[in-house]
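# Fold and contact review
Residue-level listing of the chains:
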Amino acid sequence: MENQKCQNKCPRCQSEEVVKNGHIHNGKQRYICKQCGRQFVKDPQNKPVSDEQKALIDKLLLEKIPLAGIARVVGVSERWLQNYVNVVYDK
Ligand SMILES: [Zn+2]
């Protein structure tokens, strides 16, 4: 899917009425939906996850940090991370 538009859309209600709302602590732009108030970071799950990020995730997992926290710090989606954990710890 290369013709995906880079429009900002609310992941919850699909509204395009979103405005910038500061940054999360890894520097990514954060948005807030004017329709439903949902805050989100644009498309973090559409980027391939680098080996560096995976190495960092492995380290953080050892520290027993909650998945939501790891996802925020590393910049991956929680869904992706949960899936990654399932695959890694299934071995
Ligand atoms: Zn919304």
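A brief look at the structure comes next. Remember, predicted model here, so these are calculated numbers, not experimental data.

## Some points on the overall build of the protein chain
- Helix and strand counts for the protein chain stand at three helices and three strands.
- Going from the N terminus to the C terminus, the protein chain shows its helices and strands as β-β-β-α-α-α.
- Considering only intrachain contacts with a sequence separation of at least 6, the fraction spanning at least 24 residues in the protein chain is 30%.

## Things to note about the pairing of strand β2 (residues 29–33)
- Note that strand β1 (residues 18–23) and β2 share four bridges and pair antiparallel. Pairing of Lys20 across the sheet is with Tyr31, part of β2.
- Judged from the three bridges that link them, β2 and strand β3 (residues 39–41) form a sheet pairing that is antiparallel. Each residue of the ladder has a partner; that of Tyr31, found in β3, is Phe40.
- Turn length for the β2-β3 hairpin, with the two strands adjacent in sequence and antiparallel, is five residues, and the turn residue Gly37 shows positive phi of about 80 degrees.

## Observations concerning the sheet that holds β3
- The three strands lie next to each other as β1-β2-β3, forming an open sheet whose pairing is antiparallel. Of all the strands in the sheet, the pair left with one neighbour each is β1 and β3. Taken over all neighbouring pairs, the strand axes of this sheet differ in orientation by 35 degrees on average, direction set aside.

## Quick notes on helix α1 (residues 51–62)
- Between the first and last C-alpha of α1 there are 17 Å, a value that for twelve residues agrees with the 16 Å anticipated at 1.5 Å per step.
- Burial within α1 is sparse, with just one of its twelve residues counted as buried.
- At the exit of α1 stands Lys64, carrying a positive phi of roughly 60 degrees.

## Points about unusual backbone geometry
- Of note, the phi angle at Gln14 is positive, near 65 degrees, even though the residue is not glycine.
- Looking at the secondary structure, you find Gln14 in the segment before β1.
- Phi at Lys64 takes a positive value of approximately 60 degrees, unusual for a residue other than glycine.
- Within the secondary structure layout, Lys64 lies in the loop between α1 and α2 (67–74).

Reading the values: the criteria
- Residues numbered from 1 in each chain as written.
- Predicted model: local features only at pLDDT ≥ 70, side-chain atom pairs only at ≥ 80, totals over all residues.
- Helix = DSSP H or I, 4+ residues; strand = E, 2+ residues; numbered from the N terminus.
- Contact = placed C-beta atoms within 7 Å.
- Pairing = 2+ DSSP bridges.
- Axes fitted to C-alpha atoms, helices over the stretch in contact; angles between N-to-C directions.
- Expected span 1.5 Å × (residues − 1).
- Buried ≥ 20, exposed ≤ 12 C-beta atoms within 10 Å, placed from the backbone.

This is a description of form; function is not addressed.
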